[in-house]
Amino acid sequence: MFAVDLVDPRTGKPSPPLAARVLEATKERGLLIGKGGLYGHTLRMAPPLTLTEAEAREGLGLLTDALRHVNEETLKA
């Protein structure tokens, strides 16, 4: 399992709303991940041990695309 903590870029504090937005953006792209952490700001991923390199690259691409999308939306606001 690995995880990504999302924080408010202005304050550096945990950001559950940002995590929720990225969670939805990954779901829209077909990547199902979990959310947790003490403050609900952590995106959790637990790929199977049979994960191929190609599948890992695809998942990483979907995750980074979702993060970029949410970041762009956040900067516009």
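The residue numbering used here restarts from 1 in each chain and proceeds along that chain's sequence as written. For a predicted model such as this one, the threshold for reporting local features is a pLDDT of at least 70, and the threshold for listing and counting side-chain atom pairs is 80 or more; totals across whole chains, interfaces and linings nevertheless cover every residue. Working from all heavy atoms in the structure, the side-chain values ignore hydrogens and water.

**Student:** Just to check I follow, could you spell out the overall build of the chain for this structure?
**Tutor:** Strands are runs of DSSP state E lasting at least 2 residues, helices are runs of H or I lasting at least 4, and numbering of each runs from the N terminus. The secondary structure content of the chain amounts to 2 helices and 3 strands. If you list the helices and strands of the chain from N to C, you get β-α-β-β-α. Taking 11 Å as the expected radius of gyration for a compact globule of 77 residues, we find that the chain reaches 13 Å, a close match to that expectation. Taken over the C-alpha atoms alone, the chain extends approximately 40 × 25 × 15 Å along its principal axes. By definition in these notes, contact holds between two residues if any of their heavy atoms fall within 4.5 Å. Partitioning the intrachain contacts of the chain with sequence separation of at least 6 by distance along the chain shows that 58% fall at a separation of at least 24. Surface accessibility of the chain: about 5,400 Å² in total, with carbon and sulfur atoms responsible for 58%. Think of it this way: Lys and Arg go in the positive column, Asp and Glu in the negative one, and His and the chain ends go nowhere. Each charge is placed at NZ for Lys, CZ for Arg, CG for Asp and CD for Glu. Across the chain, the centroid of the 10 positively charged side chains sits 6 Å from that of the 10 negatively charged ones. For a compact globule the rule gives 2.2 Å times the number of residues to the power 0.38, and the radius of gyration it is set against comes from C-alpha atoms. Every accessible area reported is derived by Shrake-Rupley at a probe size of 1.4 Å, with residue values counting cover from the shown protein chains alone.

**Student:** Please clarify how the environment of isoleucine 33 should be interpreted in this entry.
**Tutor:** You can see isoleucine 33 is positioned in the loop between helix 1 (16-28) and strand 2 (34-36). Put simply, isoleucine 33 and leucine 63 are 30 residues apart on the chain and 9.4 Å apart in space, counted from C-alpha to C-alpha. The residues contacting isoleucine 33, other than those within four sequence positions of it, are Leu23, Thr26, Leu43, Arg44 and Met45.

Coordinates in, geometry out; function isn't part of it.
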